[in-house]
Structure formats: structure tokens, C-alpha cells
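Each chain is listed here by its residues.
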Amino acid sequence: MSDICDFEWSNNRYRHNLTISELKLGFNRNEPTDRSRALIALKELIGASRDYALKDKSCFQDDEFLFRFLYARKFNVNEAFQLIINYHAYRQRNASILQRLSVLDETIQIALRDGFPGVLPNRDRRGRKVLVFFTANWDYASYSLVTVYRAMLLTIEKLLEDKQNQANGFIAIVDWTNFTFRQSSNLNPKVLKLMIEGLQDCFPVRFKAIHFIGQPWYVEAALAVIRPFLKEKTRDRIKLHGSNLSTLHDCVARDILPTELGGEGPTFNPLNWYHELLESSQTVTKPAPSYCLSQTQMYTKTPAQFVPSVGAHRKGADLTPTQSPSPSPPSSLASSNGAEFLKAATKAAAVKIGVLTAKANDPATNTLLGVTTGAGGCGGDL
């Protein structure tokens, strides 16, 4: 295997572009042997690189992380290597926006609960995960377009933990119905350009199709402005359906779509994906590495009126509202059943952030979180 090293001075950085002639055609991702060879070759490129963006090579030994980039570029090692450089350089340039991505961030929580983004439970016929955006729900006074982008990146990184999503990619459906001109005035062009740059050239994610429905004229005007920044492949994957849902259904089967999109599935509930993210954030066993976007934040502040109810039910304690609860969880939870403690912490986080406040008397919502309301439960104290 012959290595050719080229050095060039670009953007005030000393760059090292390592090209391996044998890898120009890439590898077959369906062959385990080829996948292993591609991974080894990619590691060689990272180890030999002197690019400033890769000054931190801590991702070098994380095979699962590197596979994201190989799948994103169909196991073309050269392109996957360049994508890794773009990823790290983009993060360094936009550190203020991309740092501390967590589901426990208050503004990200609001965006997720409004469905930015929403994730449908079922895949399409080609095995792709479906993201949905109902733009009329955007409360621009509460959170900006940057927050929507942060919530989207948090979601994508979580979904990329599944190799099927890495291999098959994603599709997005954006419903612009009832999206007002006032809302459109908050579509910051600089942020839109930043989003396009990241999702198109810097992150290991493949959007196989982007469907717009119900788009008003001012959204089409905005699309015309950003179109020059899109690659030809990306432009070809944007489908404008207007009010004609039948053309959408020709591309995405109705049985996986919610009723809002003319589908046969149940009504879209953005809290489903939000709850999944919240629960997964409490089941991690070690901090996320620095080269990942999302950061692990264990929930530690327990609402005073929540944990005593849990302890009272399990131990039969006779607690009154005037008693001072212990600030720490019951020892039986911490020592004998760590999983139960994590579950209790997840419920506590949900109560703390107000998931139950909107539907405190809705049995379906409370059942989802495992909380009982009424006499003897915590619901009556909220």
C-alpha cells in the first residue's frame, strides 16, 4: 500500500492530506472483511494526519464512532477521512453553539416538546428513520432557530447509535401548514447557512429525502435564497409537494405516517421521542467522550414532594406533608436496585421540568411515566 503525502498551507492551518491509492474505490459495506479493512485504513489516516482539526486524536480507538463516518460516505475511506476533518473543524469554529448538548438543557427541552424534531416510531419501506417538523408549533419567542438546530443534532447523534440508521440514512418531512410570515422572519439566514454546512458537509448523517408540504410563497422564496449553498445532490432530494399529500404518499407509505400528514397511524405526539431521550440520558454508565456532541448529565436534584411518595409506597412509611423528606434516595434503591433508582430519577426529572403539568389529570400521560395520581400518589401534590 503506497502512501502519498501532500502538505499545503490553507486557512492559516498546516494541513496534511493523506491519500491512499488503493482506497479510491472504497469498500463494500456488506462484507465484514471489507468493513474491517476500511476501519483499519481510516485509523491509519487519522494517526498520520497533521491537520490542526485532528490535533485531538482521542476518537482514534472508538470503532463505533468511526463507523458513523464510514457509513455516511459509503465506506469510501478518503471521503470518510475528510468528513472527520470537517466534523472536528466545524465543532471548533462553532464551539459556542455546539457545546453542552443535553436533553436536560431547558431550551432544548421546550423545542423537543414542541416536536423539533419529532421522530416517527416506524421506518419507511427502505428502512430509513423518519424525522418530522410541524413548523407552525415553533414558538420563536421562547427559543431560537439555533436551539432547534441544537435539538436536532442531539436527536441525530442519539439515533446514530443504531447502525441501521447509519447505513440506511434518514428522511425528513417538514409541514409548513399555518406557518406565518412573522415566524418566517425569524429564519435567520446566517443560522440557515450554518445548518446547511453542518448537515451537508460536516456531520456523519445522510438525508435521503426532504419533503416539504403546505409551503407558502415566502418559504419558497427563502428556499430560493439558500439554494446556491446546496449541493446538487441535496437540491435533487428536496421535494416540494405543496397541498398535494398524494405525492407525499407516493414517496412515504401512509401506514407509518400520523393522521396530521394524511397517514393511517395515530396522532403525532412529540412527547414520545422527548421521553425516550430523557430516559436514555439516565441509563448511561460513563460520561460521553469529548469528541461526541451530546454530553451526559445525570439528574441529581430530586423534587422534595416526589421521592417521599415513592419511598412511602415501597416501605409503608407514614409520611405527612409537614415531614422533612430525606434529600437522598432510599438506601434500598441505591444499593439493592440501581435500575429502580434510575427509573425514579427519570420520573423526578420529568416532574421537575413540567412534563406532567400540562396533563396532570390525563391517565395516559401519567401511566406513561409510571406515576399514580389521586389519593396516596404523587399526582395530588403537583
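Looking at an unreviewed UniProt entry, the protein chain carries the name CRAL-TRIO domain-containing protein, with the source organism given as Anopheles dirus.

Asks: Report on the overall build of the protein chain, specifying residues and quantitative values.
Replies: The number of helices and strands found in the protein chain is 17 helices and 7 strands. Per-residue burial for the protein chain yields a buried fraction of 48% across its 382 residues. Once local pairs closer than 6 in sequence are excluded, the contacts in the protein chain between residues at least 24 apart make up 70%.

Asks: For unusual backbone geometry, give the residues involved together with the corresponding values.
Replies: Residues Phe-116 and Pro-117 are joined by a peptide bond in cis, for which omega reads -5°. Within the secondary structure, Pro-117 is located in the loop between helix H5 (106-113) and strand S3 (118-119). The phi dihedral of Lys-74 is positive, around 50°, even though this residue is not glycine. Tracing the chain through its elements places Lys-74 in the loop between helix H2 (63-72) and helix H3 (77-93). The phi dihedral of Asn-178 is positive, around 65°, even though this residue is not glycine.

Asks: Account for the sheet that holds strand S6 (residues 207-213), naming residues and giving values.
Replies: Taken together, the 5 strands give an open sheet; going across it, the order is S3-S4-S5-S6-S7, and neighbouring strands pair in mixed fashion. The open sheet has two free edges, formed respectively by S3 and strand S7 (238-242), since each of these has just one partner strand. Pairing between strand S5 (residues 170-175) and S6: 6 bridges, direction parallel. Directly across from Ile-173, in S6, lies its bridge partner His-211.

Asks: Explain the pattern of salt bridges to me, using residue names and the numbers behind them.
Replies: Enumeration over the complete set of coordinates arrives at 11 salt bridges. Residue Arg-68 pairs with Glu-157 through a salt bridge whose shortest N-O separation is 3.8 Å. Placement of Arg-68 in helix H2 and of Glu-157 in helix H6 (residues 145-159) is noted, with a sequence separation of 89 residues between them. As far as the burial class goes, Arg-68 and Glu-157 line up, both buried. The partner of Asp-162 in a salt bridge is Arg-123, and the shortest N-O contact between them spans 3.2 Å. Note that Asp-162 is positioned in the loop between H6 and helix H7 (163-168) and Arg-123 in the loop between S3 and strand S4 (129-134), a separation of 39 residues in sequence.

Asks: Talk me through H5; I want residue IDs and the actual numbers.
Replies: Taken as a whole, H5 has its buried residues at Ile-108, Gln-109, Ala-111 and Leu-112. What you see down the axis of H5 is that its buried residues fit within an arc of 165°, all on one side. Looking one or two residues past H5, Gly-115 carries a phi angle of roughly 90°, positive in sign.

Asks: Talk me through the nonpolar core; I want residue IDs and the actual numbers.
Replies: Formed by 84 residues in total, the largest nonpolar core has its most connected members in Leu-42, Leu-70, Phe-203 and Phe-207. Setting aside chain neighbours within four positions, we find Phe-207 in contact with Leu-131, Met-152, Ile-156, Phe-170, Ile-171, Ala-172, Leu-199 and Arg-237.

Asks: Help me get a handle on the environment of Met-152, residues and values and all.
Replies: Take Met-152: it is sitting in helix H6. In the structure, Met-152 is positioned 44 residues away from Ile-108 in sequence and 9.2 Å away in space, judged by C-alpha atoms. Setting aside residues no more than four positions away along its own chain, Met-152 makes contact with Pro-117, Phe-133, Leu-199 and Phe-207.

Asks: How would you explain the confidence of the model for the protein chain if you had to name every residue and give the values?
Replies: When pLDDT is low, close inspection of the predicted coordinates is not appropriate. Residues of the protein chain with pLDDT of at least 70 account for 70%, and the chain-wide mean is 77. Long-range and interchain partners of residues 301-339, a stretch whose pLDDT sits below 50, account for 35 contacts in this model, where long-range means more than four residues apart.

Asks: Tell me about the pairing of S4, and please be specific about residues and values.
Replies: Within S4, 6 of the 6 residues are buried, which leaves the element mostly enclosed by the surrounding structure. Because side chains alternate across S4, one face comprises the buried residues Lys-129, Leu-131 and Phe-133, and the other comprises Val-130, Val-132 and Phe-134, equally buried. Across 2 bridges, the pairing between S3 and S4 is antiparallel. Paired with Val-119 across the bridge in S4 is Leu-131. Taken together, the 6 bridges between S4 and S5 define a ladder with parallel strand orientation. Bridge pairing links Phe-133 to Val-174 in S5.

Asks: Outline the side chain of Asp-124, supporting the account with residue identities and numerical values.
Replies: Tracing the backbone shows Asp-124 in the loop between S3 and S4. Within the local environment of Asp-124, its side chain forms a polar contact with the backbone nitrogen of Arg-128, the two atoms lying 2.7 Å apart. Setting aside its immediate chain neighbours within four residues, Asp-124 contacts Val-130, Ile-171 and Ile-256.

Reading the values: the criteria
- Residues numbered from 1 in each chain as written.
- Predicted model: local features only at pLDDT ≥ 70, side-chain atom pairs only at ≥ 80, totals over all residues.
- Heavy atoms only, no water.
- Helix = DSSP H or I, 4+ residues; strand = E, 2+ residues; numbered from the N terminus.
- Buried < 20%, exposed > 50% of the residue type's maximum accessible area, 1.4 Å probe, protein only.
- Contact = heavy atoms within 4.5 Å.
- Pairing = 2+ DSSP bridges.
- Salt bridge = Lys/Arg side-chain N within 4 Å of Asp/Glu carboxyl O.
- Arc of directions from axis to C-beta.
- Core = buried A, V, L, I, M, F, W, Y, C linked by side-chain atoms within 4.5 Å.
- pLDDT = per-residue confidence, 0-100.
- Polar contact = N/O pair within 3.5 Å; in protein donor to acceptor, adjacent residues only side chain to side chain.

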